[in-house]
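What follows is the residue order along each chain.
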Amino acid sequence: MTDSVLSEKTSATEHQQTPTIERDLEVNSKFWLKKRLADTIDIERKFLRNTYVPFDLLPRHVQQFRSIYVGQRPNHHWATIGVVDRSIQRKTFGVCRLTDMRGLRAHLFVMGKAYTAYEKQLEAGAVLGVFEPTIVWSSDQDADVGLLVTSPDHILLIGTSYDMVRCQQMIRQDKQCDAMVDGRSGSFCDRHLARLCSKSKNTRMELASGDSAIEVRWARLTHTDRGDKYLAASNSSSSSSSSSSSKSRNGNQTIAKMEFTYTIKGRGAITSEGIELHAKKQANTKIDKKALAEALRGRTDPGSAMIRKVHGIKDDRSNLPAVSREAMLKMGMSTRQVLSKEEEAAKKRSIDQLLKTTANQNGGGGGDDPQKKPRYIYL
């Protein structure tokens, strides 16, 4: 009897000495905070002029801005709260992947003064409030939501998540999996759970011979007129910390595409991994106009005329036709305007000589003799 009482007292004292971390509830998103960094009054003041959009309703809300139906557009004064499960920082911008720890993701691009102010605070596990963001679109219809903030007033670091932990699976002997998971659902990410279940299925005869597939993800429930219905798996429901990969088969399981490309005004195309996709610029080769003009000298074809026009080269012969003299002769066209410099000079001398002869005849008093044969000068 005495031993049992002593054992109960010992276990009670050990339980009392176990350190506990106090947690705080974020009222709007219902996320538990391990450490609060923003006061509740400041958060409420931010939401006075912004409508709060729950993270699970974010894709539906963003899709309204892209709707083709005529009607009133949603207000741009809205905000949401998410947990950072991956942060990629570049020299001038950062990309944070927000999640609700239920399989839904959104990519937040932080640029400008916002990145300067929060560069060192954008870490995995941070609970961020995003206010009046700019929506960035992707050409992929199944892409996650993309948001952009450039002002420090449009982002707020609320605190550190209490439930988000790192996957405990060791990829190698000295490297741990980088995926962040909800600690309330377990200590391993969905990818490693699916791999474990697949390996365990192969050792069971009743499951190994079938074609059944296993899918590890959070179940989403929607309320319809016909009752509650579970949503099918989306492309963004798979939790993986690997780089971008297209849909491929791994046994009976489909690995969804993880990374997408977004177009940001003034920056071009940027992937969700923070890689800027610049178009290849053509080499700026300088052209020697003097050498080009010398090469085009005497050429009257349309190509040469176009090259002169593009590079601003003046032709030494003005108002020349684009067709050569030989071509005009073959087509039966007049070649009076197609004269070389020597022909132009000879024509001018002939005209001057004709005018001089006519002036001498008129000045000498001699009238025109109708029986006298006229003189001709062949040009």
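In every chain, residue numbers begin from 1 and rise along the written sequence. Reporting of local features is limited, given that this is a predicted model, to residues whose pLDDT is at least 70; pairs of side-chain atoms are given and counted only at 80 or more, and all residues count toward the totals for whole chains, interfaces and linings. Excluding hydrogens and water, the side-chain values take into account all heavy atoms of the structure.

Peer 1: In this structure, what is going on with the environment of Asp153? I would like to understand it.
Peer 2: Put simply, DSSP marks the helices as runs of H or I at least four residues long and the strands as runs of E at least two long, and each gets a number from the N terminus on. Take Asp153: it is sitting in the loop between strand E9 (145-149) and strand E10 (155-161). Here a residue-residue contact requires only that any non-hydrogen atoms of the pair lie within 4.5 Å. Here Asp153 is in contact with Lys46 and Phe131, once residues within four sequence places are set aside.

Peer 1: Got a minute to help me understand the nonpolar core in this structure?
Peer 2: Note that soluble globular proteins tend to have their nonpolar side chains buried in a common cluster. Throughout this description, the term nonpolar core refers to a set of buried Ala, Val, Leu, Ile, Met, Phe, Trp, Tyr and Cys residues connected via side-chain atoms within 4.5 Å. Throughout this description, buried means an accessible area under 20% of the type-specific maximum (1.4 Å probe, protein chains only), exposed means over 50%, and partly exposed covers the range between. Counting residues in each nonpolar core, the largest one holds 26 residues, and the members touching the most others are Leu58, Trp78, Leu108, Val110, Leu122 and Leu128. Every element with two or more residues in this core is listed here: helix H3 (58-63), strand E4 (78-89), strand E5 (93-99), strand E6 (105-111), helix H4 (112-118), strand E7 (126-131), E9 and E10. Grouped together as the second largest cluster of nonpolar side chains are 14 residues, Phe31, Leu33, Met101 and Ile158 included.

Peer 1: Explanation requested: unusual backbone geometry in the structure shown.
Peer 2: Excluding glycine, residues mostly carry a negative phi; peptide bonds, for their part, are mostly trans. Unusually for a residue other than glycine, Lys30 sits at a positive phi of about 65°. Of note in this structure, Met101 is not a glycine but carries a positive phi near 60°. Examined against the element boundaries, Met101 turns out to sit in the loop between E5 and E6. Since its relative accessible area comes to 7%, Met101 is described here as buried.

Peer 1: Hey, could you run me through the pattern of salt bridges in this one?
Peer 2: Between side chains of opposite charge, pairing is possible as soon as their charged atoms come close. Any carboxyl oxygen of Asp or Glu that lies within 4 Å of a side-chain nitrogen of Lys or Arg is treated as forming a salt bridge with it. Under the defined criterion, the tally for this structure stands at 13 salt bridges. With a shortest N-O distance of 2.7 Å, Arg166 and Asp178 are connected by a salt bridge. You can see Arg166 sitting in strand E11 (residues 164-166) and its partner Asp178 sitting in the loop between strand E13 (175-176) and strand E14 (180-182), a full twelve residues away along the chain. With a relative accessible area of 37%, Arg166 lands in the partly exposed category. Asp174 is the partner of Arg172 in a salt bridge, and the nearest nitrogen-oxygen pair spans 4.0 Å. Looking at Asp174, the relative accessible area reads 68%, which means it is exposed.

Peer 1: Please clarify how the packing of aromatic side chains should be interpreted in this entry.
Peer 2: The description of two aromatic rings rests on the distance between their centres and on the angle between their planes. For Phe, Tyr and Trp, rings pair up if their centres lie within 6.5 Å, where Trp contributes its six-membered ring, and each pair is then called stacked (planes under 30 degrees apart), edge-to-face (over 60) or tilted (otherwise). In this structure the tally under the stated criterion is three aromatic pairs. Judged by centre distance (5.5 Å) and plane angle (85°), the ring pair of Phe47 and Tyr52 falls under edge-to-face. Residue classification places Phe47 among the buried residues on the basis of a relative accessible area of 14%. Here Phe109 and Tyr262 contribute two aromatic rings whose centre-to-centre distance is 5.6 Å and whose plane-to-plane angle is 70°, an arrangement assigned as edge-to-face. Linking Phe109 in strand E6 with Tyr262 in strand E19 (residues 261-264), this pair joins segments that are 153 residues apart in sequence. No difference in accessibility class separates Phe109 from Tyr262, as the two residues are buried. Among the aromatic residues, those joined into a cluster by ring pairs are Phe47, Tyr52 and Phe131. Remark: a charge is flagged as sitting over a ring if the NZ atom of Lys or the CZ atom of Arg is within 6 Å of the ring centre and within 35 degrees of the ring normal. The lysine or arginine in question, Arg23, covers the ring of Trp32, its NZ or CZ lying 3.9 Å from the ring centre. Directly above the aromatic system of Phe131 lies the positively charged group of Lys46, at a separation of 5.1 Å from the ring centroid.

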